[in-house]
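# Secondary and tertiary structure notes
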Amino acid sequence: ISNIARQMVVNALLALGLLVAILTAGIDLSVGSILAVSMCSMAILAIKMHVNPYLSILIGLGIGLFFGWINGILLTKLHLPHPFISTLGTLNVARGIALIITAASPISGFDRAGAPQVLFLGAGMLGPVPVSLFVLIIAYVVFHIMLTRTPFGRHIYAVGGNVNAARLSGINVERTLVGVYSISGLMAGLAALMLAGRTNSGFPNAGAGYELDAIAAVIIGGASFAGGSGTVFGTAIGVLLIAVLRNGLVLLNVPTEWQTVAIGLVIIGAVYVDVLRQRAGKK
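In short, a report on the structure. These figures come from a predicted structure and were not determined experimentally. (Residues numbered from 1 in each chain as written. Predicted model: local features only at pLDDT ≥ 70, side-chain atom pairs only at ≥ 80, totals over all residues. Heavy atoms only, no water.)

## Things to note about the overall build of the protein chain
Scanning the protein chain from terminus to terminus reveals twelve helices and four strands. For 283 residues, the compact-globule estimate of 2.2 N^0.38 gives 19 Å, and the C-alpha radius of gyration of the protein chain, at 18 Å, lies within 12% of that figure. Principal-axis analysis of the C-alpha atoms gives the protein chain an extent of 60 × 45 × 35 Å. Long-range pairs, those at least 24 residues apart, make up 79% of the contacts in the protein chain between residues at least 6 apart in sequence. Summed over all atoms, the accessible surface of the protein chain reaches about 12800 Å², with 70% contributed by carbon and sulfur. (Helix = DSSP H or I, 4+ residues; strand = E, 2+ residues; numbered from the N terminus. Rg over C-alpha atoms; globule rule 2.2 N^0.38 Å. Contact = heavy atoms within 4.5 Å. Areas by Shrake-Rupley, 256 points an atom, 1.4 Å probe, with all protein chains shown as cover.)

## A look at the packing of aromatic side chains
Applying the stated criterion across every chain, the model contains two aromatic pairs. A network of ring pairs unites the aromatic residues Phe-66, Phe-67 and Trp-69 as a single cluster. (Phe/Tyr/Trp six-rings, centres within 6.5 Å; stacked < 30°, edge-to-face > 60°.)

## Let's talk about unusual backbone geometry
A positive phi angle, close to 55°, is found at His-50, a residue other than glycine. Within the fold, His-50 resides in the loop between α2 (31–48) and α3 (53–76). A positive phi angle, close to 55°, is found at His-79, a residue other than glycine. The topology assignment puts His-79 in the loop between α3 and α4 (83–102). Its relative accessible area of 58% is what places His-79 among the exposed residues. (Buried < 20%, exposed > 50% of the residue type's maximum accessible area, 1.4 Å probe, protein only.)

## Structural notes on the pattern of salt bridges
Side chains that carry opposite charge are capable of pairing whenever their charged atoms lie near each other. Going through the model one piece at a time under the given rule, you end up with two salt bridges. With a shortest N-O distance of 3.0 Å, Asp-213 and Arg-246 are connected by a salt bridge. Within this pair, whereas Asp-213 is found in helix α10 (residues 210–220), its partner Arg-246 is found in helix α11 (residues 232–251), the two being separated by 33 residues in sequence. (Salt bridge = Lys/Arg side-chain N within 4 Å of Asp/Glu carboxyl O.)

## Describing the packing of α3 against helix α9 (residues 173–199)
Where α3 meets α9, the axes come as close as 7 Å, and the angle between the chain directions of the two elements is 150°. Accordingly, the angle class assigned to the pair α3 and α9 is roughly antiparallel. In the crossing of α3 with α9, the sense of the turn from one axis to the other is right-handed. Along the contact surface, α3 presents Ile-57, Gly-60, Leu-61, Gly-64, Leu-65, Gly-68, Trp-69, Asn-71, Gly-72, Ile-73, Leu-75 and Thr-76, while α9 presents Glu-174, Leu-177, Val-178, Tyr-181, Ser-182, Gly-185, Leu-186, Gly-189, Leu-190 and Leu-193. A breakdown of the residues in the contact of α3 with α9 according to their chemical character gives twelve nonpolar, nine polar and one charged. (Axes fitted to C-alpha atoms, helices over the stretch in contact; angles between N-to-C directions. Parallel < 35°, antiparallel > 145°, perpendicular 65-115°, else oblique. Left-handed = near helix turned anticlockwise from the far one by under 90°. Nonpolar A, V, L, I, M, F, W, Y, C, P; charged D, E, K, R; others polar.)

## Focus on the nonpolar core
Leu-13, Leu-35 and Phe-110 are the most contacted members of the largest nonpolar core, which has 81 residues in total. A total of 15 residues in this core trace back to one element, the largest contributor, which is helix α1 (residues 2–23). Those residues in contact with Phe-110 that sit more than four places away from it in its chain are Met-42, Ala-43, Ala-46, Ile-47, Ala-115, Val-118, Leu-119, Ala-196, Asn-200, Ser-201 and Gly-202. (Core = buried A, V, L, I, M, F, W, Y, C linked by side-chain atoms within 4.5 Å.)

## Points about the side chain of Asn-200
As for its placement among the helices and strands, Asn-200 is situated in the loop between α9 and β4 (201–202). Among the polar contacts made by the side chain of Asn-200, one reaches the main-chain amide nitrogen of Phe-110 at a distance of 2.9 Å. When near neighbours in sequence (up to four residues on either side) are disregarded, Asn-200 contacts Ser-108, Gly-109, Phe-110, Asp-111 and Leu-119. (Polar contact = N/O pair within 3.5 Å; in protein donor to acceptor, adjacent residues only side chain to side chain.)

## Here we look at a nonpolar patch on the surface
On the surface, Val-93, Ile-97, Ile-100 and Ile-101 cluster together to form a nonpolar patch covering roughly 350 Å² of accessible area. Checked against the element boundaries, Val-93 lands in helix α4. (Patch = residues over 30% accessible without salt bridge, like charges linked within 9 Å, V, L, I, M, F, W, Y side chains within 5 Å.)

## Thoughts on α10
Across the eleven residues of α10, eight count as buried, placing the element largely inside the fold. When α10 is considered as a whole, its buried residues turn out to be Glu-211, Asp-213, Ala-214, Ile-215, Ala-216, Ala-217, Val-218 and Ile-219. Of the residues flanking the end of α10, it is Gly-222, one or two places downstream, whose phi is positive at about 105°.

## A short note on the packing of α10 against helix α12 (residues 256–282)
The interhelical angle for the contact between α10 and α12, taken along N-to-C directions, is 35°, at an axis separation of 9 Å. The hand of the α10/α12 crossing is left-handed. Residue-level inspection shows Leu-212, Asp-213, Ala-216, Ile-219 and Ile-220 of α10 in contact with α12, the latter providing Ile-263, Val-266, Ile-267, Ala-270, Val-271, Asp-274 and Arg-277. For the contact of α10 with α12, the class distribution of residues is nine nonpolar, no polar and three charged.

## Overview of the environment of Ala-166
Looking at the secondary structure, you find Ala-166 in helix α8 (residues 163–168). What makes Ala-166 buried here is its relative accessible area of 3%. Through-space distance from the C-alpha of Ala-166 to that of Ala-94 is 32 Å; in sequence the pair is 72 residues apart. Residues in contact with Ala-166, not counting those within four places in the same chain, are Ala-158, Val-159, Ile-171 and Val-173.

That's the geometry; what it means functionally is another story.
If you want it as structure tokens, here you go:
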């Protein structure tokens with residue numbers, strides 16, 4: 001159970017960011033690459049440059065937030081037709097930067113660099129429970145409160161439900177979307193911190209394809225690509241199902257390439273269920 005919990009933390013944090021994007025009828029394909037550049041930045045600062053670990057962590061989170069903000073600006077200020085375009089571009093930019101700053105090589109040794117804080121958050125234990133699981137629970141509680149008890153949360157649902165009606169009702173749609181994608185980038189940065197602690201390193205290929213598992217978890221959890229519907233609790237269930245599926249395939253000695261096929265089929269099935277749900281709602 002502890003092993004599954006540790007493995008699902010990264011996907012669970014990314015899924016929270018994807019949830020708020022999908023609630024606005026958007027998507028964020030760049031979270032895996034943002035994770036990589038945030039993770040590598042933390043490693044360079046803490047291990048190579050011996051920057052204070054707390055400052056390294058804050059800068060890593062800030063880089064995730066910055067890339068998410070860029071996604072929001074590209075969508076709202078440049079009026080790109082769909083977040084698929086802007087986040088696809090950011091996906092490549094962030095991945096390229098991660099490869100450049102690390103010379104395409106992993107950087108390991110948070111323990112030797114005197115940064116036990118990173119290891120504690122990513123791999124530490126409080127009794128039998130991983131510290132990262134506590135971080136995850138706090139994040140999910142905060143997101144649940146934000147989406148159900150704050151004006152910003154109501155604005156997110158309103159924009160996803162009907163963007164024109166939201167604009168006419170006085171909601172600042174552009175500010176809401178920039179906030180949503182900034183949050184998604186921040187969650188990618190937090191996921192980078194958890195993965196860096198777990199692997200004791202930063203590597204430029206980290207997070208490759210992770211956005212697919214996160215999207216699958218959100219859709220399986222009941223969110224709709226049409227926007228306006230989805231919950232934190234449903235996303236948690238989706239994350240758990242993906243984690244159990246992944247772990248079960250590993251225990252069954254299913255090759256990695258076939259695991260990828262299985263997840264792809266799950267995504268197709270989840271989207272089809274979403275289509276059926278929308279048709280039923282219209283009827």
